[in-house]
Amino acid sequence: MAMAWIWTGMVAAAVVYGLINGTIGAVGNAAMEGAAAAVDLCLSMAGIMCLWSGVMSIMKASGLMDGLSRLFRPVLNRLLPRACQDPDTLAALSGNVSANLLGLGNAATPLGIQAARRMARGCGGRASNELCTLVVLNTASIQLLPTTVAGVRAALGSESAFDILPAVWLASALSVAAGLLAAKVLGRVWKR
């Protein structure tokens with residue numbers, strides 16, 4: 001709901017500014033060009049999202065997701081020990097982390113929501129430290145293959161869409177480390 005108000009305010013400000021400066025025609029043209037560019041980008045991204053969502057489905061059907069789940073279990077057990085006691089929550093967490101590693105935020109979101117719902121049971125309407133840690137992990141997520149960003153770059157004409165890999169690896173590792181540190185520190189501060 002808040003985003004609706006923000007977007008409405010931005011559009012209203014642009015229209016008012018265009019009226020005051022006498023450039024309302026330019027505002028209208030920019031709106032139409034932006035809408036057309038958004039549709040083009042969405043259509044080009046749809047193919048990329050279908051490809052990687054299909055890869056995730058194949059990984060799940062082939063058992064590779066179960067293998068990744070076993071691989072992530074020690075790390076997730078250390079970060080989210082109570083959540084990992086439930087096999088269904090652990091499966092959703094592992095799928096979420098796997099999708100984020102592949103840069104598939106859209107595919108990771110439903111799994112993250114499923115895990116968060118299961119973790120929120122019995123919290124009495126207040127997020128636990130583990131649930132906050134999940135939100136940090138999901139938001140900051142380490143990405144080995146930033147497929148969504150690479151797809152946007154390819155759709156916009158980049159000759160080498162994946163040449164950003166070292167920067168993405170460094171930035172995502174630092175963001176996860178900073179987020180986990182903040183979650184742990186704030187979790188201890190709020191306990192007092």
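Given the structure is predicted, the values throughout are model-derived calculations rather than measurements.

Bringing the side chain of T133 into the picture now. By the element assignment, T133 lies in helix 6 (residues 129-140). With sequence-adjacent residues up to four places away left out, T133 is seen in contact with L79, L80, L180 and A183.

On to the pattern of salt bridges. As enumerated under the stated definition, the model contains three salt bridges in all. Notably, a salt bridge pairs R118 with D86, separated by 2.6 Å at the nearest N-O pair. One end of the pair, R118, is in helix 5 (residues 105-120); the other, D86, is in the loop between helix 3 (64-79) and helix 4 (87-101), and 32 residues separate them in sequence. Judged by relative accessible area, R118 falls into the partly exposed class, the value being 22%.

With that settled, the discussion passes to the packing of helix 3 against helix 4. For any two helices packed against each other, the geometry comes down to the angle between their axes and how far apart the axes lie. At their nearest, the axes of helix 3 and helix 4 sit 9 Å apart, and the two run at 100 degrees to each other. The angle between helix 3 and helix 4 falls in the class roughly perpendicular. Here helix 3 contributes M65, L68, S69, F72, R73 and L76 to the contact with helix 4, which in turn contributes L90, L93, S94, G95, V97, S98 and L101. Here the contact of helix 3 with helix 4 is built from residues that sort into eight nonpolar, four polar and one charged.

Here we take up the nonpolar core. Inside soluble globular proteins, nonpolar side chains tend to come together where they are buried. Ranked by size, the top nonpolar core spans 26 residues in total, and within it M56, L76, L80, L93 and M119 carry the most contacts. At the level of secondary structure, the elements contributing two or more residues to this core comprise helix 2 (24-62), helix 3, helix 4, helix 5, helix 6 and helix 8 (165-191). When residues no more than four places from it in sequence are discounted, the contact partners of L76 are P81, C84, L90, L93, S94 and V97.

Okay, helix 1 (residues 2-21) next. The first and last C-alpha atoms of helix 1 sit 29 Å apart over 20 residues, in line with the 28 Å expected at 1.5 Å per residue. Count one or two residues on from helix 1 and you reach G22, which has phi positive near 75 degrees.

As a further point, take helix 6. With 12 residues, helix 6 extends 16 Å between its outermost C-alpha atoms, agreeing within 8% with the 16 Å of an ideal straight helix rising 1.5 Å per residue. When we look at burial in helix 6, the residues that qualify are E130, L131, T133, L134, L137 and A140.

Before going further, it helps to examine a nonpolar patch on the surface. Together, L181, V185, L186, V189 and W190 make up a nonpolar patch on the protein surface, roughly 530 Å² of accessible area in all. Take L186: it is sitting in helix 8.

Reading guide: rules and limits
- Within each chain, residues carry numbers counting from 1 in the order of the written sequence.
- Since the coordinates come from a predicted model, pLDDT governs what is reported: local features require at least 70, and pairs of side-chain atoms require 80 or more to be given and counted, while whole-chain, interface and lining totals use all residues.
- Based on all heavy atoms of the structure, the side-chain values leave hydrogens and waters out of the count.
- Secondary structure elements are taken from DSSP: a helix is a run of H or I of four residues or more, a strand is a run of E of two residues or more, and numbering for both begins at the N terminus.
- Pairs of residues are marked as contacts when any of their non-hydrogen atoms sit within 4.5 Å.
- The term salt bridge refers to a side-chain nitrogen of Lys or Arg lying within 4 Å of a carboxyl oxygen of Asp or Glu.
- When a residue's accessible area, from a 1.4 Å probe over protein chains only, is under 20% of the maximum for its type it is buried; when over 50% it is exposed; and in between it is partly exposed.
- Interaxial angle, 0 to 180 degrees, is taken between N-to-C directions of lines fitted to C-alpha atoms, where a helix line uses only the stretch in contact.
- When describing relative orientation, an angle under 35 degrees is termed roughly parallel and one over 145 degrees roughly antiparallel, while 65 to 115 degrees is termed roughly perpendicular and anything else oblique.
- Throughout, the ten residues Ala, Val, Leu, Ile, Met, Phe, Trp, Tyr, Cys and Pro are labelled nonpolar, Asp, Glu, Lys and Arg are labelled charged, and all others, Gly among them, are labelled polar.
- For the purposes of this section, nonpolar cores are sets of buried Ala, Val, Leu, Ile, Met, Phe, Trp, Tyr and Cys residues that join through side-chain atoms within 4.5 Å.
- Helices are assigned an expected span. That span is 1.5 Å times one less than the residue count.
- Patch membership requires over 30% relative accessible area and the absence of a salt bridge. Like charges are linked within 9 Å, and nonpolar side chains (Val, Leu, Ile, Met, Phe, Trp, Tyr) within 5 Å.
- Here the accessible surface of atoms and residues is derived via Shrake-Rupley with a 1.4 Å probe, and residues count as covered only by protein chains that are part of the display.

Honestly, it's all geometry; don't read function into it.
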